Amino acid sequence: MEQEMAEFLPLNRGSKMEDSERQTFSLIPIKSRKKGGLITMPFIIANEALENVASYGLLPNMTFYLMREYRMNITTTQNLLFFWSAATNFLPIVGAVVADSYLGRFLTIGLGSIFSFLGTAVLWLTAMIPKARPPPCNQSGQACKSTTTSQYMLLVFSFLLMSIGAGGIRPCSLAFGANQFDKGNHNPNKHSVLESFFAWYYTSSIVSVLIALTGIVYLQDRLGWKIGFGVPAILMFLSALFFFLASPFYIKPKVRSNVFASFIQVLVVACKNRKLRYPNQNSDYHHKNGSGPQVPTEKLRFLNKACIIKSPEDVKLNGGAANPWKLCTVEQVEELKALIRVVPLWSTGIMISINLSQSSFPLLQAQSMNRHLTKGFQIPAGSFGMFMMIALTIWVFLYDRVMLPLASKIKGRPVRLKPIVRMGIGIFVSCISMVVSGIVEHVRRRRAINEGLLNNSHGLVEMSALWLVIPNSLNGIAEAFSAIGSTEFYYSELPKSMSSIASALLGLGMAVASLLASVILSAVDKYTKGEGTESWVSSNINKGHYEYYYWLLALLTAFNLLYFVACCWQYGPSADVDITKRMMELSDDDDHLP
């Protein structure tokens, strides 16, 4: 960013000066250095990229850490990871509300970085301090000591701190970065610069996750938990440090009101006015002057009572409501209706997130299979998730740069699948992925039994772990269709003023999915075991029936596809917008940044 020379004026010009002032009179700047711009981009991108490396690098091998060091069974381990994932995906919604309504984005990101660092540091201490976890079972003839309440709470506390940190960083980074280019109409290249920023932002997100799934996982496998947990803690310290170092250069927008409060107002006022009759004249409805619809729609009609003008005193001279908790606008009512309309279709994406959240079982599968690429190198079991990211990236490139242009050339007109169609394809591919996962596990388990490894869950099956690349790749393709399609659908169907909601819906779905996944797993564990019968999700992978669990998820996904079709029929025609163009528009108005 170009640096400008400050303009100076004499201090107390025209007044009587001292002798020293006559020789060298004081100067003060009247124009400060410009803030924002490209100079802030590396700090903002590095902040979230390092947070991604730290957090995503801890997840893959966490199953081994909990099972080996804390001696948890597979069901307890996976449920704890489900709860951690739910908190990590839900708290960004809280963070968005706090940032928009109270603290502002800069302070929210800064506090989130500190919390993330503290969380990784506490997790690192559980590996460094022997008394922070149960002692090893190396005394012959003595029962292994179980995890104490204080040890368990310290572990959960580290997860909670990291989730709070993610809740502060993730919902604000992209919007805060876009704020740095918000200089009114003085920058004619604003949109091209923003497009470059978005490209670098999303690229860094993908690269950081790949580094986490390879580099951090490799350190944990080769150098142990002390180094493997210490490195993420150092990265989070650097993330917070770099972010605060650039504080003088940031544009820090003022706190604005949040759309979540508007929804609560509509519900409260509608309940207060529930006994009112619907007016016969359109003028009896309150709306913003010169903007939006003047009459609410007939769908979800009971909400219309929130914008009925009961008396002239309810409206101020400037057209605003005298008390927003007694009178809402038509626009507020229609925004809430739009959200309620997309909720059924939003719920259809939960099942895909449930399928993608199954992290422990693929890890145990990979651990029991031959992971060697050469005689001297084998892929860490926790790194197989990178194939999902690779498949997602390759598919997005092929779809956007090869398939669509080719189809458009053949048809002689622009060809583009609507977001709602891509959402449906994503559900279908996710179903196929679970079927294939079950088939691979069925073959692996049969070979393990034939090789005499039924009672040896740590034995190595003579089967290449590269077979797991197939379901991982299918998961990546399903994610590409579903996540991108869902995000574009929310942005196209919800009003521009609700873009913060559009960006939060996907994370909220993942949070709900983690809780439901825990319910499904606990139910399967409870109802599939009995006297002399192992649970489908037994900690002994060879005695359990993980393939049955995968096929159950495939069956639930198939029913979810039928539910999706019914929701599409009920929803009716959907709009279609260019999401990149919408993001550019949102950057012009800080109120609407996601």
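Here the structure is shown first, and the text comes after it.
Note that this is a predicted model, so its numbers are computed, not measured.

On a plain count of helices and strands, the protein comes out with 19 helices and four strands. Within the protein, the proportion of its 594 residues that are buried is 48%. Nonlocal contacts in the protein, meaning residues at least 24 apart in sequence, comprise 79% of its contacts between residues at least 6 apart. Per element, the accessible surface of the protein, about 29,600 Å² overall, is 63% carbon and sulfur.

Here we come to the pattern of salt bridges. For the structure shown, the criterion picks out nine salt bridges. Residues Glu298 and Arg301 are paired through a salt bridge, measuring 3.2 Å at the closest nitrogen-oxygen approach. A salt bridge links Arg416 to Glu488, with the shortest nitrogen-to-oxygen separation between them at 2.5 Å. Taken together, the positions of Arg416 in the loop between α14 (386-411) and α15 (419-450) and Glu488 in helix α16 (residues 469-493) put the pair 72 residues apart, joining distant regions of the chain.

Evaluated as defined, the whole model comprises 23 aromatic pairs. Aromatic side chains Phe106 and Phe244 sit 6.1 Å apart centroid to centroid with 85° between the ring planes, which places their arrangement in the edge-to-face category. Here the residue Phe106 occupies a position in helix α5 (residues 105-128), and Phe244 occupies one in helix α9 (residues 225-245), the gap between them amounting to 138 residues. The exposure class assigned to Phe106 is buried, which follows from its relative accessible area of 14%. Residue Phe244 is classed as partly exposed on the basis of its relative accessible area of 33%. Pairwise contacts between aromatic rings join Phe106, Phe176, Phe243, Phe244 and Tyr250 into one cluster. A cation over a ring is seen here: Arg68 above Phe64, with NZ or CZ 4.2 Å from the ring centre. Note that Arg341 overlies the ring of Tyr571, its terminal NZ or CZ placed 4.0 Å from the centroid.

This next bit is on a nonpolar patch on the surface. On the surface, Tyr102, Leu103, Leu107, Leu111, Ile114, Phe115, Leu118, Leu154, Phe157, Leu160, Ile164 and Phe244 cluster together into a nonpolar patch covering about 990 Å² of accessible area. Elements supplying a minimum of two residues to the nonpolar patch: α4 (74-103), α5 and α6 (149-169). Residue placement: Ile114 occurs in helix α5. By relative accessible area, Ile114 is classed as partly exposed at 35%.

Further remarks concern the nonpolar core. In terms of nonpolar packing, the biggest core is built from 99 residues, with Met62, Tyr65, Leu66, Leu123, Leu155 and Leu494 touching the most fellow members. Beyond its immediate stretch of four places on either side in the chain, Leu155 contacts Tyr65, Leu66, Tyr70, Met72, Leu80 and Leu123.

A few words on the side chain of Ser383. Of note, Ser383 is situated in the loop between β3 (369-370) and α14. A relative accessible area of 2% means that Ser383 is categorised as buried. Engagement of the side chain of Ser383 in a polar contact is seen with the backbone oxygen of Leu213, the distance being 2.5 Å. Residue contacts for Ser383: discarding those within four places in its chain leaves Leu213, Thr214 and Val217.

Another point: unusual backbone geometry. Phi at Arg71 takes a positive value of approximately 55°, unusual for a residue other than glycine. Topologically, Arg71 is positioned in the loop between α3 (62-69) and α4.

With 21 residues, α6 should reach 30 Å at 1.5 Å per residue; the first-to-last C-alpha distance of 30 Å fits that figure. Of all the positions in α6, only Gln151, Leu155, Ser158, Phe159, Leu161, Met162, Ser163, Gly165, Ala166, Gly167, Gly168 and Ile169 are classed as buried. In the core, the buried residues of α6 are packed alongside α2 (41-58), α3, α4, α5, α7 (173-179) and α9.

Right, let's talk about the environment of Ile340 for a bit. Note on placement: Ile340 falls in helix α11 (residues 330-347). Exposure remark for Ile340: the relative accessible area of 34% places this residue in the partly exposed category. Dropping the residues within four chain positions of it, Ile340 is found in contact with Leu300 and Leu303.

Burial of strand β4 (residues 461-464) is one-sided: the residues Val461 and Met463 facing one way are buried, the residues Glu462 and Ser464 facing the other way are not. By the bridge criterion, two bridges tie β3 to β4 in an arrangement that is parallel. The partner of Asn370 across the bridge, within β4, is Ser464.

Turning our eyes to something else, we now look at the packing of α5 against α9. Put simply, α5 and α9 touch, their axes get as near as 8 Å, and they point 160° apart. When the axis of α5 is compared with that of α9, the two are roughly antiparallel. For the pair α5 and α9, the sense of crossing is left-handed. Here the residues of the contact of α5 with α9 are counted per class, giving 18 nonpolar, six polar and one charged.

Scoring rules and cut-offs
For every chain, the first residue of the written sequence is number 1, and numbering continues from 1 onward in sequence order. In keeping with the predicted nature of the model, local features appear solely for residues at pLDDT of at least 70, side-chain atom pairs appear and are counted solely at 80 or more, and the whole-chain, interface and lining totals rest on all residues. The basis for the side-chain values is all heavy atoms of the structure; hydrogens and waters are excluded. Strands are runs of DSSP state E lasting at least 2 residues, helices are runs of H or I lasting at least 4, and numbering of each runs from the N terminus. For the exposure calls, accessible area comes from a 1.4 Å probe over protein chains only, and a residue counts as buried if that area is under 20% of its type's maximum, exposed if over 50%, partly exposed in between. We call two residues in contact whenever any of their non-hydrogen atoms come within 4.5 Å of each other. Accessible surface is estimated by sampling points in the Shrake-Rupley manner with a 1.4 Å probe; for residues, cover comes only from the protein chains shown. Just to be clear on terms, a salt bridge is a Lys or Arg side-chain nitrogen sitting within 4 Å of an Asp or Glu carboxyl oxygen. Paired rings are identified among Phe, Tyr and Trp, the last through its six-membered ring, by centres lying within 6.5 Å, and are further divided according to the angle between planes into stacked (under 30 degrees), edge-to-face (over 60) and tilted (the rest). Here, a charge over a ring means that NZ of Lys or CZ of Arg falls within 6 Å of the ring centre while also lying within 35 degrees of the ring normal. Patch definition: residues with relative accessible area over 30% and no salt bridge; like charges joined within 9 Å; nonpolar side chains (Val, Leu, Ile, Met, Phe, Trp, Tyr) joined within 5 Å. What we call a nonpolar core is a set of buried Ala, Val, Leu, Ile, Met, Phe, Trp, Tyr and Cys residues that are connected through their side-chain atoms within 4.5 Å. Two N or O atoms count as a polar contact when they lie within 3.5 Å, although within protein this holds only if one can serve as hydrogen donor and the other as acceptor, and sequence-adjacent residues are included solely when both atoms are side-chain atoms. Multiplying 1.5 Å by the residue count of a helix minus one yields the expected span of that helix. Pairing between two strands is assigned when DSSP locates at least 2 bridges connecting them. Note on method: axes are straight lines fitted to C-alpha atoms, helices fitted across the in-contact stretch only, with angles between N-to-C directions ranging 0 to 180 degrees. Any angle that falls under 35 degrees is termed roughly parallel, while one over 145 is termed roughly antiparallel, one within 65 to 115 roughly perpendicular, and all others oblique. In this scheme the crossing of two helices becomes right-handed for a clockwise turn of the near helix relative to the far one and left-handed for an anticlockwise turn of less than a right angle. Charged means Asp, Glu, Lys or Arg here, nonpolar means Ala, Val, Leu, Ile, Met, Phe, Trp, Tyr, Cys or Pro, and polar covers whatever is left, Gly included.

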